[in-house]
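One letter stands for each residue in the lines below.
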Amino acid sequence: LQVMIHYSFDYPDFNAEIQLVRLNSQHFVTINPAEMYSKSEVKDLKISTRKCIFSEEADKVLYANVKERNLTFTAYSYHNCLAECRATFFDNSWPDMNQKQQNFPKTLDDVNKVPCGCIPDCLLYYYPIESSFGTLDNTVYYNGVSFSKSPGNTTSNYSVIHIFFNDLVAFQYRRSVNYSWRNVFASFGGLLGLFAGFSLMSIFEFLYFFIIRVITDACINSMKHSNI
């Protein structure tokens, strides 16, 4: 038995955590959920700079000229885009099934080689798992409700799996702009003030003495010479 654990809005594919359950065994699967979100100032950056896309931007950026889609999903995600990309390339124009499977794009590098243009999403939910298992006692039988020692109307070749969260809290990661143009301006001004004694008043003094004063003196001198 194969158990796939994934975000409910993602198509279960290569992104899902997979746990294989053996027959006649008891498995304990603990989930450690994690979230990575982006702050609002990240959206002000260009997509080429932030290297991710928000769900509400996908229809305008990626699917603006797409008339028919092979896979519908509620919210855009990088994994949903990859799944749709593989569904798009799976058509009847390829005669060989093995060739189809070999040409499926599975990673970001593969997608860049084909016209899918999938971009990682700025909001990501991830569910890493830890598992342990043990072999069930073959002298204990399961009747669909409880375990018993009598082999009456029981089920054979079964397994028990427990899936639960490891803790009451989850990991949350944040993507934000650490160095904006305001920080650059403040750092530049602070360094000039510290090492060169430069300030905002120095800028006005520089403009006055080296530009305005020079132009004014030149105009006054030219007027005096013209009057003579």
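Residues numbered from 1 in each chain as written. Predicted model: local features only at pLDDT ≥ 70, side-chain atom pairs only at ≥ 80, totals over all residues. Heavy atoms only, no water.

The name an unreviewed UniProt entry assigns to the protein is Sodium channel protein Nach, from the organism Acromyrmex echinatior. Recorded under Sequence similarities (unreviewed entry), the UniProt text for the protein is reproduced unchanged: "Belongs to the amiloride-sensitive sodium channel (TC 1.A.6) family." According to its UniProt record, the protein has this under Subcellular location (unreviewed entry): "Membrane". (UniProt positions renumbered as here; feature names shortened; annotations may be inferred.)

Novice: Could you give an account of the state of the cysteines, naming the residues involved and the relevant values?
Specialist: Evaluated as defined, the whole model comprises two disulfides. Covalent S-S linkage joins Cys 52 and Cys 122, the inter-sulfur distance amounting to 2.0 Å. Torsion about the S-S bond of the Cys 52 and Cys 122 cystine: about 90°, corresponding to right-handed handedness. Of this pair, Cys 52 sits in the loop between helix 1 (47-50) and helix 2 (58-61) while Cys 122 sits in the loop between helix 5 (108-112) and strand 5 (124-126), and the two are 70 residues apart along the sequence. Using a relative accessible area of 0% as the deciding quantity, one classes Cys 122 as buried. The disulfide bridge from Cys 81 ends at Cys 118, spanning 2.1 Å between sulfur atoms. Disulfide Cys 81 to Cys 118: torsion about the S-S bond roughly -85°, handedness left-handed. Taken together, the positions of Cys 81 in helix 3 (residues 78-89) and Cys 118 in the loop between helix 5 and strand 5 put the pair 37 residues apart, joining distant regions of the chain. Its relative accessible area of 4% is what places Cys 118 among the buried residues. (Disulfide = S-S within 2.5 Å. Helix = DSSP H or I, 4+ residues; strand = E, 2+ residues; numbered from the N terminus. Buried < 20%, exposed > 50% of the residue type's maximum accessible area, 1.4 Å probe, protein only.)

Novice: Residue-level account of the sheet that holds strand 4 (residues 34-38), with values.
Specialist: Pairing within the open sheet is mixed, and its three strands lie in the order 5-4-10. The sheet is open, and its two borders are formed by strand 5 and strand 10 (171-175), each paired with just one other strand. Strand-to-strand twist across the sheet, computed as the mean angle between neighbouring axes with direction ignored, equals 15°. (Pairing = 2+ DSSP bridges. Axes fitted to C-alpha atoms, helices over the stretch in contact; angles between N-to-C directions.)

Novice: So what's going on with the pairing of strand 10? Residues and values would help.
Specialist: Across the five residues that make up strand 10, only a small minority, zero, are buried. Two elements, strand 4 and strand 10, share five bridges in a ladder whose sense is parallel. When the sheet's bridge partners are listed, Ala 34 is paired in strand 10 with Phe 171.

Novice: Let's hear about the environment of Ile 5: which residues, and what values?
Specialist: Secondary-structure assignment places Ile 5 in strand 1 (residues 2-5). A residue is classified by how much of its surface remains accessible, and Ile 5, at 12% relative accessible area, is buried. Residues Ile 5 and Ile 18, 13 residues apart in the sequence, show an inter-C-alpha distance of 6.5 Å. Leaving out residues up to four positions away in the same chain, Ile 5 has contacts with Ala 16, Glu 17, Val 29, Ile 31, Tyr 127, Ile 129 and Ile 163. (Contact = heavy atoms within 4.5 Å.)

Novice: A description of the nonpolar core should follow, citing residues and the corresponding values.
Specialist: Ranked by size, the top nonpolar core spans 13 residues in total, and within it Ile 53, Leu 62, Tyr 63, Tyr 76 and Cys 118 carry the most contacts. With four residues, helix 3 is the single largest residue contributor to this core. Dropping the residues within four chain positions of it, Tyr 63 is found in contact with Ala 58, Arg 69, Phe 73, Tyr 76, Cys 81 and Glu 84. Ranked by size, the runner-up nonpolar core spans six residues in total, among them Ile 5, Val 21, Val 29 and Ile 31. (Core = buried A, V, L, I, M, F, W, Y, C linked by side-chain atoms within 4.5 Å.)

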